[in-house]
Amino acid sequence: MSAPTPAALRAAAWRTLEKARTVQAVLDRLGFVQADPIRSPARAQDLTLMARVPGYRAGDLERLYPGLDAEEDMLPNYGFVTRRVQALLHPREVGVTRTEQEHPELLDEVRALLAGREEVHPREVAALLGRGRVVNAWGGQSSASTRALDTLHRRGEVRVTRRVSGVRLYGPAPHLAALRASPLPEEERLRGAVHLLAALYAPLPETSLGYLVSLSHLGLPHLRGELRAAFRQAVRGELAGAAVEGVRYVWPAESAPQDAPAPRGVRIVGPFDPLAWDRRRFAHLHGWTYRFEAYTPAPARQFGYYALPVFHAGRAVGWANLKAAGGGLDAEFGFVPGVRRTATLMRGLETELERYRTFLGLTAESRESSRASI
């Protein structure tokens, strides 16, 4: 079979937006949904699920989580995985943390507090144990006891039971204790992690898959070298691939890009959506560079604080900044040079905006205050 064209690769990438009836069905298919705390207009995990579950509303994942086969964990970033995927990540060996160095007795005190409880709120732990504040992963300040809970979570000693207004509550994790006693074979864990990433972001440049594997030291910190070896084995003999315009692409052997149907419609997706996550693929297949600029100083931004890529028939044609304001939805669009603002594109954008209004729970009355700048 000849190498796929860029158009075929775009069509194959579009397959990630396949609809499913339930949140659980999407989690089962993707395996991993990246999370992010920024809400503009909603959190990354909600944007990803909204793109695939008809009728999904912002916050549904948080509401449904206690009844789902879902866990909060890390691979290759922080997000939501099924327990089948989490079994690839544990037991996880984590070195001594800064919190332990500064408060060597704190983890045992938190373990004792958790004993016999179904769940605890970080505020409750902080009130009982105190211990001041330390720098968290985002550069801000958290209580030392909250960081201790995070450490126990990363080690698989506790799990996130649910969230309340975005705050994680923690409880026992007997399924992870069982994995510590009887883990999956190491080869199965490593191969499973690499193939999950290849399927989730496929088709993607081989270099990008290598980058994802390197990020996955967060999920498998004690198996970095072994994970790289599993990556090399996958690209040598397990994944399919071809060079397209000088870029080596890989994909699961059962998912040939040439078999993908032609993309249709207009979609606005989140910056961490599998369709847009790989900036290397994005630039190659769409001819321009998209940047996530939430942490870029405002005067230096080209696209906006939380610009969402806009796709039309599989091609990235611009970006949207959406903001719920005054009960309505304000939308500002930018387009790459040469994009024709056809009637089909404009109708598609309005359909997407209406979908976002429903997703955000805006009432019919409040929608009259919505503003779009196209």
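Conventions used here
- Residues numbered from 1 in each chain as written.
- Predicted model: local features only at pLDDT ≥ 70, side-chain atom pairs only at ≥ 80, totals over all residues.
- Heavy atoms only, no water.
- Helix = DSSP H or I, 4+ residues; strand = E, 2+ residues; numbered from the N terminus.
- Buried < 20%, exposed > 50% of the residue type's maximum accessible area, 1.4 Å probe, protein only.
- Contact = heavy atoms within 4.5 Å.
- Areas by Shrake-Rupley, 256 points an atom, 1.4 Å probe, with all protein chains shown as cover.
- Axes fitted to C-alpha atoms, helices over the stretch in contact; angles between N-to-C directions.
- Parallel < 35°, antiparallel > 145°, perpendicular 65-115°, else oblique.
- Left-handed = near helix turned anticlockwise from the far one by under 90°.
- Nonpolar A, V, L, I, M, F, W, Y, C, P; charged D, E, K, R; others polar.
- Salt bridge = Lys/Arg side-chain N within 4 Å of Asp/Glu carboxyl O.
- Pairing = 2+ DSSP bridges.

Student: Before we go on, may I ask you to explain the overall build of the chain in this structure?
Tutor: Secondary structure summary: the chain contains 15 helices and 15 strands in total. For the chain, the spread of C-alpha atoms along the three principal axes comes to 65 × 55 × 40 Å. Taking all 374 residues of the chain together, 53% fall into the buried category. Of the contacts formed within the chain by residues at least 6 apart in sequence, a portion of 64% connects residues at least 24 apart. Of the roughly 16,800 Å² of accessible surface on the chain, 51% is carried by carbon and sulfur atoms.

Student: I'm lost on the packing of helix 8 (residues 122-129) against helix 9 (residues 144-154) in this one. Help?
Tutor: When two helices pack together, their arrangement is captured by the angle between the axes and the distance separating the axes. The contact between helix 8 and helix 9 brings their axes to 8 Å, and the two run at 125°. Judged on the interaxial angle alone, helix 9 and helix 8 are oblique. Relative to helix 9, the crossing made by helix 8 is right-handed. Two secondary-structure elements touch here, helix 8 through Pro 122, Val 125 and Ala 126 and helix 9 through Ser 145, Thr 146 and Leu 149. Its residues assigned to classes, the contact of helix 8 with helix 9 comprises 4 nonpolar, 2 polar and no charged.

Student: I tried to follow the environment of Gly 225 on my own but got confused; where do I start?
Tutor: On the secondary structure map, Gly 225 appears in helix 13 (residues 224-238). Residues Gly 225 and Ser 214, 11 residues apart in the sequence, show an inter-C-alpha distance of 9.6 Å.

Student: Is there a simple way to think about the pattern of salt bridges in this case?
Tutor: Think of it this way: side chains of opposite charge can pair up when their charged atoms draw near. In the structure shown here, the tally under the stated rule is 21 salt bridges. Where Glu 72 meets Arg 163, a salt bridge forms, and the shortest distance between an N and an O atom there is 2.8 Å. Of this pair, Glu 72 sits in strand 2 (residues 71-74) while Arg 163 sits in strand 6 (residues 158-164), placing them 91 residues apart in sequence. As far as burial versus exposure is concerned, Glu 72 and Arg 163 are alike and both buried. Connected through salt bridges with shared partners, the residues Glu 71, Arg 83 and Arg 159 form a single ionic network.

Student: Help me understand the sheet that holds strand 2 in this model?
Tutor: Hydrogen bonds between backbone atoms are what pair the strands of a sheet, whose relative direction is either parallel or antiparallel. Pairing is antiparallel in the open sheet, where 3 strands are placed in the order 1-3-2. The sheet is open, and its two edges are formed by strand 1 (32-34) and strand 2, each paired on a single side. Sheet twist, expressed as the average angle between the axes of neighbouring strands with direction ignored, equals 40°. Relative to strand 3 (residues 78-81), strand 2 runs antiparallel, the two being bridged by 4 bridges. Residue pairing across strands places Asp 73 opposite Gly 79, the latter belonging to strand 3.

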